[in-house]
Amino acid sequence: FGHCAFLWSRNLEKINIPDGIEVLPDYLFGGLPKIETTLPDSLKIVCTGAIRIRNRENEITGEEEFNAYLPDSVEYLGANIFASSTIEEVTLPKNLQEMRETFADVKSLKKVVFNDCLRVIGFATFSGCVNLEEAILPESVTNIDEMSFFACEKLTKVYLPAGIKYIPKESFAWCTSLNSFEWS
């Protein structure tokens with residue numbers, strides 16, 4: 001698949017992504033109101049806007065309906081994967097190592113269950129998640145980027161593992177409820 005391969009193909013409702021596909025490129029299904037697919041267990045990289053997950057945990061959908069799940073094989077999630085989502089809790093894929101702007105402005109998100117493979121929480125990953133209550137990062141995380149938890153207004157508790165050596169600018173700025181911060 002190439003970048004924007006199905007951009008604004010509004011009548012497309014279902015696509016079969018064969019096993020062996022490892023990358024969904026930027027905006028693969030951009031602008032589609034509804035797309036149904038099953039993601040292969042070979043999938044490793046989901047680029048910016050390639051899919052949209054809008055409702056229950058790890059369900060991929062267009063504007064309204066459930067369609068698929070993120071397989072545990074996914075190692076990278078790009079920006080806008082959860083744009084306009086109404087999810088309240090998410091369990092990250094078991095092999096996820098890095099994400100960037102993945103959950104930005106998901107106002108309904110309250111809880112994230114992190115995995116033990118995650119290494120990088122990239123730029124603005126949880127920025128604007130105003131209902132996120134805590135961030136207990138696993139020992140595997142070695143890097144958080146700028147604005148990673150910016151304006152998480154209900155964030156009360158943060159645990160950073162020893163592997164993180166630097167907290168970049170605005171990482172926790174405007175976290176107005178933050179009252180417990182532990183950095184081992």
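Computed from a predicted structure; not experimentally measured.

Asker: Just checking my understanding: could you explain the overall build of the chain for this structure?
Answerer: Along its length, the chain carries zero helices and 13 strands. Within the chain, the fraction of its 184 residues that count as buried is 47%. For the chain, long-range pairs separated by at least 24 residues make up 28% of all intrachain contacts whose partners lie at least 6 apart in sequence. With an accessible surface of roughly 8,800 Å², the chain has 47% of that area assigned to carbon and sulfur atoms.

Asker: Mind showing me how you'd approach the nonpolar core here?
Answerer: In globular proteins that are soluble, nonpolar side chains generally tend to be buried together. Core analysis: the biggest nonpolar cluster contains 44 residues, and Met 99, Phe 103, Leu 109, Phe 126, Leu 137 and Phe 149 have the highest contact counts within it. With sequence-adjacent residues up to four places away left out, Phe 149 is seen in contact with Ile 121, Phe 126, Leu 132, Ala 135, Leu 137, Leu 155, Ser 171, Phe 172, Ala 173 and Cys 175.

Asker: Looking at this structure, how should I read the pattern of salt bridges?
Answerer: Side-chain pairs of opposite charge can arise whenever the charged atoms involved come near each other. Taken as a whole, this structure holds three salt bridges when the rule is applied. Close ionic contact of Lys 107 with Asp 105 constitutes a salt bridge, the shortest N to O distance being 3.7 Å. We classify Lys 107 as partly exposed; its relative accessible area is 44%.

Asker: Explain the side chain of Ser 108 here, please?
Answerer: Looking at the element boundaries, Ser 108 is found in the loop between strand 7 (98–99) and strand 8 (111–113). Here the side chain of Ser 108 touches Ile 87 through a polar contact of 2.5 Å, landing on its backbone oxygen.

Asker: Help me understand the environment of Ala 79, please; the structure alone is not making it clear to me.
Answerer: By the element assignment, Ala 79 lies in the loop between strand 5 (76–77) and strand 6 (89–91). For the pair Ala 79 and Phe 103, spaced 24 residues apart in the sequence, the C-alpha separation amounts to 7.5 Å. Each residue touching Ala 79, except ones within four places of it in the same chain, is listed here: Thr 48, Gly 49, Arg 100, Glu 101 and Thr 102.

Asker: Just checking my understanding: could you explain unusual backbone geometry for this structure?
Answerer: In most cases, non-glycine residues show a negative phi, while peptide bonds are predominantly trans. Phi angles above zero are rare outside glycine, and Trp 8 is one such case at about 60°. Its place among the elements puts Trp 8 in the segment before strand 1 (23–24). Positive phi, normally seen in glycine, also occurs at Asp 105, with a value near 65°. Along the chain, Asp 105 falls in the loop between strand 7 and strand 8.

The rules behind each value
Residues numbered from 1 in each chain as written. Predicted model: local features only at pLDDT ≥ 70, side-chain atom pairs only at ≥ 80, totals over all residues. Heavy atoms only, no water. Helix = DSSP H or I, 4+ residues; strand = E, 2+ residues; numbered from the N terminus. Buried < 20%, exposed > 50% of the residue type's maximum accessible area, 1.4 Å probe, protein only. Contact = heavy atoms within 4.5 Å. Areas by Shrake-Rupley, 256 points an atom, 1.4 Å probe, with all protein chains shown as cover. Core = buried A, V, L, I, M, F, W, Y, C linked by side-chain atoms within 4.5 Å. Salt bridge = Lys/Arg side-chain N within 4 Å of Asp/Glu carboxyl O. Polar contact = N/O pair within 3.5 Å; in protein donor to acceptor, adjacent residues only side chain to side chain.

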